[in-house]
Amino acid sequence: DMAYTYCVKHVCAVNGWVSPQVEKYDDKGNPVELSWNHGWRTCNQEFEELMAKFTHLPMGIFWVSHEKTAESESRTAGTKVVPSLSGGAGRAIEKLTDITLYCTTDNQGRIIKTKPDDTALGKDRTSKLPSVIRVPDEDVRLEKAYSYIMKTMRGTHETK
């Protein structure tokens, strides 16, 4: 989310724009707008090119985003959980992503959704993952990760 914000600031600075919608202010202080969608399109293209460069690195890439709700296309669900990335940034990342996971809970505990449904976004280009992966609360790895995070947040964990 922040990478897109920085990208927008960079594109505006390079082009001398006030914002992706406003090129400058005239002598009377009125905004001189950019042609329709030109600023946002330029920002989105720059972001997509930047993010695509990451895919050429010799490693796996994990994108992490917060969530927001959007209108669901389903007749049964009013809203759907999607990444909080804005439209252009979200579309850029979506193109580059092979697997989209949504971590949540249900009435039996923690789960990871790997497929889209009426209420949440998901994606599995491999077609090898189950639609839901259960994360047992008693998993030792989960407890260690949680403990490490909490110690780090409290400032009591020593880093090497």
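This structure is a prediction, so every number in the text was calculated from the model and none was measured. (Residues numbered from 1 in each chain as written. Predicted model: local features only at pLDDT ≥ 70, side-chain atom pairs only at ≥ 80, totals over all residues. Heavy atoms only, no water.)

Student: Help me understand the overall build of the chain, please; the structure alone is not making it clear to me.
Tutor: Secondary structure assignment for the chain yields 4 helices and 9 strands. Mapped in sequence order, the helices and strands of the chain form the string α-β-β-α-β-β-α-β-β-β-β-β-α. Since a compact globule built from 160 residues should have a radius of gyration of about 15 Å, the 20 Å found for the chain marks it as more spread out than a globular shape. In terms of overall dimensions, the chain has C-alpha extents of about 65 × 50 × 35 Å along its principal axes. When the 160 residues of the chain are sorted by exposure, 23% land in the buried category. (Helix = DSSP H or I, 4+ residues; strand = E, 2+ residues; numbered from the N terminus. Rg over C-alpha atoms; globule rule 2.2 N^0.38 Å. Buried < 20%, exposed > 50% of the residue type's maximum accessible area, 1.4 Å probe, protein only.)

Student: Whenever I open this one, the pattern of salt bridges confuses me. Can you help?
Tutor: Any two side chains of opposite charge can pair, on the condition that their charged atoms come close. Scanning all chains against the criterion turns up 6 salt bridges. Notably, a salt bridge pairs R125 with D98, separated by 3.1 Å at the nearest N-O pair. Of this pair, R125 sits in the loop between strand 8 (123–124) and strand 9 (132–135) while D98 sits in the loop between helix 3 (87–96) and strand 5 (99–100), and the two are 27 residues apart along the sequence. The class of R125 is partly exposed, set by a relative accessible area of 47%. We classify D98 as partly exposed; its relative accessible area is 44%. Taking the shortest distance from any N to any O, the salt bridge between K113 and D117 comes out at 3.0 Å. (Salt bridge = Lys/Arg side-chain N within 4 Å of Asp/Glu carboxyl O.)

Student: Help me understand helix 2 (residues 38–54), please; the structure alone is not making it clear to me.
Tutor: One turn of an α-helix holds 3.6 residues; hence residues three or four places apart share an orientation. With 17 residues, helix 2 ought to run about 24 Å at 1.5 Å a step, and its terminal C-alpha atoms sit 25 Å apart, in line with that. Regarding helix 2, the residues found buried are G39, C43, N44, F47 and M51. For helix 2, the angular spread of buried residues about the axis comes to 125°, placing them on one side. Looking at helix 2, the residues exposed on the side facing more than 90 degrees away from the buried face are E49 and K53. For helix 2, the elements touching its buried residues are helix 1 (2–15) and helix 3. (Expected span 1.5 Å × (residues − 1). Arc of directions from axis to C-beta. Contact = heavy atoms within 4.5 Å.)

Student: How should helix 3 be read in this particular structure?
Tutor: G88, A89, A92 and I93 are the residues of helix 3 that are buried. For helix 3, the arc enclosing every buried residue in end-on projection is 130°, short of the 170-degree limit, so these residues lie on one face. Away from its buried face, by an angle of more than 90 degrees, helix 3 presents the exposed residues R91 and K95. Looking at the packing, one finds that the buried side of helix 3 touches helix 1 and helix 2.

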